[in-house]
Amino acid sequence: MCCNSDFVARNKSQDSGIAEMEELPVPHNIKISNITCDSFKISWEMDSKSKDRITHYFIDLNKKENKNSNKFKHKDVPTKLVAKAVPLPMTVRGHWFLSPRTEYTVAVQTASKQVDGDYVVSEWSEIIEFCTADYSKVHLTQLLEKAEVIAGRMLKFSVFYRNQHKEYFDYVREHHGNAMQPSVKDNSGSHGSPISGKLEGIFFSCSTEFNTGKPPQDSPYGRYRFEIAAEKLFNPNTNLYFGDFYCMYTAYHYVILVIAPVGSPGDEFCKQRLPQLNSKDNKFLTCTEEDGVLVYHHAQDVILEVIYTDPVDLSLGTVAEITGHQLMSLSTANAKKDPSCKTCNISVGR
């Protein structure tokens, strides 16, 4: 295992070699720091009595139980980490038992290994709770590179579109002065995505049918479609960011991109958390100039979900009913990512 303290993972049931408890200092005032999506540092205080007898630390790490979880679902096996006594703080690292954006509990024992291989241990410390972090830009760049491999050739397009029910557009007109408002992104996609539940924006699509070059007439989100010229949302005054790459137990994959007006709150949010793409040259969505006209292309082999971070007035485009079907099975609302897919997962949890 990759960590500073040469950890070995054990199940709680493997404690048969531990001797009767003797007086060893009990860890207290536990502190968790330097939390990432798959690692953290832990330190604590101890009384000096018998401190020189300590040879190992036992760390009991568990996912915090979800009160709404399925009572009949198999629970995660608690993980006991055995570490040689090293200077504190020490790093706990390991993607096979640490997942991003997940709540954990942790408790610590001190231990002294005897000549016969048994351990003398202290009482357990108090239980501390903490939550692992989102994917960093480094992790998102790994996802980005995986997505680039399957993006495919680029197809020309001219409009972004957003499908909703008629009631949605009526509500926008009546209550928001004709302007669609950004809302917080749901939890679909990668569990460690820093935009889920945090970034505010409006979802758009830009995929086209190969044979017509136009948006498909089917939609999973509603029979009414708002269409807007691509240059109204994506132009030299906007920045483009990579947000996520995932699938939902299907053969096709989704890429989430974010378009943010330069200097806007959404732009500042993304600049700190997401890899920025060159709007003129990337594998997913491009805006280039030809003979003084802006020209747009999108990747053919992934389904693009584009988030625009500012309000959009309906007067900038058109709303009309589509002639196709409403394919609810294709909806990605709160969809969970397939953790077993080798194409769109990286080795830092899901």
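Each value, and the rule that gives it
Residues numbered from 1 in each chain as written. Predicted model: local features only at pLDDT ≥ 70, side-chain atom pairs only at ≥ 80, totals over all residues. Heavy atoms only, no water. Helix = DSSP H or I, 4+ residues; strand = E, 2+ residues; numbered from the N terminus. Buried < 20%, exposed > 50% of the residue type's maximum accessible area, 1.4 Å probe, protein only. Contact = heavy atoms within 4.5 Å. Areas by Shrake-Rupley, 256 points an atom, 1.4 Å probe, with all protein chains shown as cover. Phe/Tyr/Trp six-rings, centres within 6.5 Å; stacked < 30°, edge-to-face > 60°. Lys NZ or Arg CZ within 6 Å of the ring centre and 35° of its normal. Pairing = 2+ DSSP bridges. Core = buried A, V, L, I, M, F, W, Y, C linked by side-chain atoms within 4.5 Å. Salt bridge = Lys/Arg side-chain N within 4 Å of Asp/Glu carboxyl O. Polar contact = N/O pair within 3.5 Å; in protein donor to acceptor, adjacent residues only side chain to side chain. Axes fitted to C-alpha atoms, helices over the stretch in contact; angles between N-to-C directions.

### Considering the overall build of the protein
At step 1: A tally of helices and strands in the protein yields four helices and 23 strands.
At step 2: Residues classed as buried in the protein amount to 46% of the 350 residues present.
At step 3: Taking as baseline every contact in the protein between residues at least 6 positions apart, the subset at least 24 positions apart corresponds to 76%.
At step 4: For the protein, the accessible area works out to roughly 17900 Å², and carbon and sulfur atoms hold 50% of it.

### A short note on the side chain of T286
At step 1: Relative to the elements of secondary structure, T286 occurs in strand β19 (residues 285–290).
At step 2: Given a relative accessible area of 7%, T286 falls into the buried group.
At step 3: Look past the residues within four positions of T286 in its chain and what remains in contact with it is M154, F234, S279, K280, D281, V295, Y296 and H297.

### Quick notes on the packing of aromatic side chains
At step 1: In the structure shown here, the tally under the stated rule is twelve aromatic pairs.
At step 2: On the basis of an interplanar angle of 85° and a centroid distance of 4.8 Å, the ring pair of W44 and Y57 is categorised as edge-to-face. On the criterion of sequence distance, the pair formed by W44 in strand β3 (residues 39–45) and Y57 in strand β4 (residues 56–63) is long-range, its members being 13 residues apart. Taken individually, W44 and Y57 each receive the classification buried, so the pair is uniform in this respect.
At step 3: Here F157 and F160 contribute two aromatic rings whose centre-to-centre distance is 5.3 Å and whose plane-to-plane angle is 70°, an arrangement assigned as edge-to-face. F160 shares its class with F157; the two are buried.
At step 4: These aromatic residues form a ring-pair network of at least three members: F157, F160, F234 and Y296.
At step 5: Residue placement shows R273 over the ring face of F269; its charged tip is 3.9 Å from the ring centre.

### Quick word on the pairing of strand β7 (residues 103–113)
At step 1: Burial analysis of β7 places nine of its eleven residues in the buried class, which makes it a mostly covered element.
At step 2: One ladder, built from eight bridges, connects β4 with β7; its direction is antiparallel. Residue pairing across strands places F58 opposite Q109, the latter belonging to β7.
At step 3: As paired elements, β7 and strand β8 (residues 119–121) share three bridges and run antiparallel to each other. Residue pairing for β8: A111 is matched across the bridge by V121.
At step 4: Counted along the chain from β7 to the antiparallel partner β8, the turn is five residues long, and its residue G117 has a positive phi close to 95°.

### Here we look at the nonpolar core
At step 1: Membership of the largest hydrophobic core comes to 56 residues, with the highest contact counts inside it found for F160, F204, F242, F284 and L285.
At step 2: Counting residues per element, this core draws most heavily on strand β17 (residues 254–261), which supplies seven residues.
At step 3: Leaving out residues up to four positions away in the same chain, F242 has contacts with L140, L143, L144, A147, V255, I256, L257, L274, P275, L277 and F284.
At step 4: Judged by nonpolar contacts, the second largest core, of 22 residues, contains F40, L61, F97 and L98.

### Here's the deal with the pattern of salt bridges
At step 1: A complete count under the given rule lists ten salt bridges for this structure.
At step 2: The closest approach of N and O atoms between D134 and K198, which form a salt bridge, is 2.7 Å. Taken together, the residues D134 in the loop between β9 (128–131) and α1 (137–150) and K198 in the loop between β13 (183–184) and β14 (200–204) connect sequence positions 64 residues apart.
At step 3: Among the residues examined, D134 registers a relative accessible area of 16% and is labelled buried.
At step 4: Of the residues examined, K198 reaches a relative accessible area of 44% and is grouped as partly exposed.
At step 5: Here E268 ties to K271 by a salt bridge, and the two come within 3.8 Å at their closest N and O atoms. Taken as a pair, E268 and K271 lie in helix α4 (residues 265–273) at a separation of three residues, close to a single helical turn.
At step 6: A relative accessible area of 35% means that E268 is categorised as partly exposed.
At step 7: When salt bridges with common partners are traced through the structure, they connect K64, E103 and E129 into a single cluster.

### Description of the side chain of N282
At step 1: Positionally, N282 belongs in the loop between β18 (276–277) and β19.
At step 2: Of the polar contacts made by the side chain of N282, one reaches the backbone oxygen of L285; its length is 2.7 Å.
At step 3: Those residues in contact with N282, other than ones at most four positions away along the chain, are M154, L240 and L277.

### What about the sheet that holds strand β2 (residues 28–33)?
In a beta sheet, neighbouring strands are held together by backbone hydrogen bonds and run either parallel or antiparallel to one another.
At step 1: Taken together, the three strands give an open sheet; going across it, the order is β2-β3-β6, and neighbouring strands pair in antiparallel fashion. Both outer strands of the open sheet, β2 and β6 (90–93), are each paired with one neighbouring strand and no more. On average, each strand axis in the sheet is tilted by 30° relative to the strand beside it, whichever way the strands run.
At step 2: Here four bridges tie β3 to β6, and the two strands are oriented antiparallel to one another. Of the residues in β6, the one forming a bridge with I42 is M90.

### Here we look at unusual backbone geometry
At step 1: With an omega of 0°, the peptide bond running from L88 to P89 counts as cis.
At step 2: With phi around 50°, N34 is a residue other than glycine that occupies positive phi space.
At step 3: For N34, the location among the structural elements is in the loop between β2 and β3.
At step 4: Its identity as a non-glycine residue notwithstanding, Y249 has a phi of 60°, on the positive side.
At step 5: As for its position among the elements, Y249 is in the loop between β16 (238–246) and β17.

Geometric values such as these leave the question of function open.
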